Each structure stands twice: as C-alpha cells, then as structure tokens.
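Structural characterization, general
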Amino acid sequence: MTAPRVSPAPHAPSLDLGGRTALVTGAAGGIGRACALRLAAAGAKVRAVDRDASGLETLAEQGHDLAGTVEPHVLDLTDLDAAELAAAGTDVLVNNAGLQLVRPIEEFPPDAFHQVLTVMLEAPFRLIRGALPHMYGQGWGRIVNVSSVHGLRASAYKSAYVAAKHGLEGLSKTAALEGAPHSVTSNCVNPAYVRTPLVEKQLADQAQAHGIPEERVLSEVLLQDSAVKRLIEPEEVAEAVAYLCAPQASFVTGTSLVLDGGWTAH
C-alpha cells in the first residue's frame, strides 16, 4: 500500500523572478502546470506552452492572483521552427513536455518513436537554441530540463521515452558547458513516477505489457524500485525547478537533481 499524498512545501521566499520571462512547455497539466504556477508565484511572466488550449485557459485562471503572470501560448512542439521562435527573449526555460507509449521494441510503431524523440529531444534543442541569444546577451539564464529517472536508468517497453530522456541529459550537459562563461546554467530534474495524467494513462499499457491486472501495476511495476512507496506530487518537482532558478543554485550546472525515492540507490 502506498503512503498518502503529501502537501507541497511552502513557497520559498528567496526566489524572486520579478522582471524575468519564463517559458514552460507542457504547461496545461501535471508537472508543467505546477512549474508555471510556481514561477509565476515568484514574479515571473510565464509563457505557458501546450497544444491543449482548454487546459491553458484553466491554468491562466489559476494564475490570476499570483505575483507574476501566466500567458497561454498554444503550440504543438512538433512545429520545431515555431518552438524556436517562441523561446526568443526567455530568461528561464523549462523543457517539460512529454509523451509516453509502452510497447516492446519489436511492436513499437516507428512513427510513434519519431514523435517522442521530436517532442522530447529535438524540440528542447530548438527551444534552447532560441533562448540562448537573449540569455547570453544579458549574462544570465536558467535552463531546466525535466528529465526522469529514466534519463539515468532504463525500463523495459519504453524504448522511445528512455532514449529521449538519455539524450536530453546529454543535451543539458552540453548546454551547461557552453553556457557557463555567460552565467547560464543548465540542469536536469529527474523524478520517478509523478502523480500526473501521463502516469495514470500508463496503467493499462503497463498491465498489458507485463501481463498483470491493472490494479497491480502501481505497486509491482511503477514503485517496485523506489524505496519510498508513493508517487511524487507535481508541486514537489516544481520546487526542485524553482531551486535551480534561485541565486543559491548559481554554481549548480551540468548535473541532474534526482527525486527518485531511492530508486538509483540500488
């Protein structure tokens, strides 16, 4: 049995992003929504990017009373040129958008593999490429790539997702090395399974792939390698993202901040 969900920590008062522009992809729900609201609470003008227009409208309503603003930006990240243009003038870039399909390699549709790599690796490259000229010009910038424990470890039946996240880790490190002379940091945040629609939609696929009932997937598959037997809340991931944007994290770059409940301690 999993532990009850936890309440997120109070917003850290030391993070002040007043006057900064942040872009968060996959912002209509889950981790992206939590990050957008967290950065707006710190005073940022947040460009909330997603292809889900109605989800973005709901997010904008939730952000009405925050210190910063949330501006919906409907965009399909498979339009790579548009993604790069959207990142222009960005001070904080949070590459979060993702998708998942659980299939054995021999049954994995090639077009789905291509789509996952496009959204989760090529789009972050184009967004970083679009954001860096402004960051370099002002001598400050924060790139946070929402990776995964699957950026560090592999699981069966997730070839596209694991490949994309491993690639994102390398892209993030390269951006850190190139950005350091300009005071631009680049890091990954690596959660295990987060309480999001993306994870909830996996249950049926995982049950079919592993040949077990859906109700057993959470305990026997998703949380099997985690010492902490619960899902992470999106707000917990957002706090890690916020930390990497804070002045206290200016020397943290080229690394992965792991929130995996002890998964990689094995």
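The coordinates are above.
Notes on the structure follow. (Residues numbered from 1 in each chain as written. Predicted model: local features only at pLDDT ≥ 70, side-chain atom pairs only at ≥ 80, totals over all residues. Heavy atoms only, no water.)

Below, the discussion takes up the packing of helix 1 (residues 30–41) against helix 9 (residues 234–245). Interhelical geometry of helix 1 versus helix 9 gives an angle of 50° and a closest axis separation of 8 Å. In terms of orientation, helix 1 lies oblique with respect to helix 9. Crossing of helix 1 against helix 9: the hand is right-handed. Contact with helix 1, carried on its side by Gly30, Ile31, Ala34, Cys35, Arg38 and Leu39, involves Pro234, Glu235, Val237, Ala238, Glu239, Val241, Ala242 and Cys245 of helix 9 and no other residues of that element. Split into classes, the residues belonging to the contact of helix 1 with helix 9 amount to ten nonpolar, one polar and three charged. (Axes fitted to C-alpha atoms, helices over the stretch in contact; angles between N-to-C directions. Helix = DSSP H or I, 4+ residues; strand = E, 2+ residues; numbered from the N terminus. Parallel < 35°, antiparallel > 145°, perpendicular 65-115°, else oblique. Left-handed = near helix turned anticlockwise from the far one by under 90°. Contact = heavy atoms within 4.5 Å. Nonpolar A, V, L, I, M, F, W, Y, C, P; charged D, E, K, R; others polar.)

Attention shifts here to helix 4 (residues 110–138). In a regular helix each residue adds 1.5 Å, so 29 residues correspond to 42 Å; helix 4 covers 41 Å between its end C-alpha atoms and thus fits that length. Roughly 40° is the biggest bend found in helix 4, and it falls at threonine 118. Taken from the residues just after helix 4, glycine 139 is the one with a positive phi, measuring 70°. (Expected span 1.5 Å × (residues − 1). Bend = angle between axes of the 7 residues up to and from the residue.)

What follows covers the pattern of salt bridges. Inspection of the entire model under this criterion finds eight salt bridges. One salt bridge in this structure joins glutamate 84 and arginine 126, with 2.5 Å as the shortest N-O distance. In this pair, glutamate 84 sits in helix 3 (residues 80–86) while arginine 126 sits in helix 4, placing the two residues 42 residues apart along the sequence. In this pair, the class of glutamate 84 matches that of arginine 126, namely buried. Put simply, arginine 129 and glutamate 84 hold a salt bridge, and the shortest N to O gap is 2.5 Å. Taken together, the residues arginine 129 in helix 4 and glutamate 84 in helix 3 connect sequence positions 45 residues apart. Looking at arginine 129, the relative accessible area reads 48%, which means it is partly exposed. Look at the salt bridges and you will find they share partners, linking Asp81, Glu84, Arg126 and Arg129 into a network. (Salt bridge = Lys/Arg side-chain N within 4 Å of Asp/Glu carboxyl O. Buried < 20%, exposed > 50% of the residue type's maximum accessible area, 1.4 Å probe, protein only.)

The biggest cluster of nonpolar side chains holds 47 residues, and the ones touching the most others in it are Leu39, Val46 and Val94. Of all the secondary-structure elements, those providing two or more residues to this core are strand 1 (21–25), helix 1, strand 2 (45–50), helix 2 (53–62), strand 4 (92–95), strand 5 (141–146), helix 8 (217–222) and helix 9. It is helix 9 that contributes the most residues to this core, seven residues altogether. Other than its neighbours up to four places away in sequence, valine 46 contacts Ala22, Val24, Ala36, Leu39, Ala40, Thr69, Val70 and Glu71. Of all hydrophobic cores here, the second largest spans 32 residues; its members include Leu80, Leu93, Leu101 and Leu127. (Core = buried A, V, L, I, M, F, W, Y, C linked by side-chain atoms within 4.5 Å.)

Geometric values such as these leave the question of function open.
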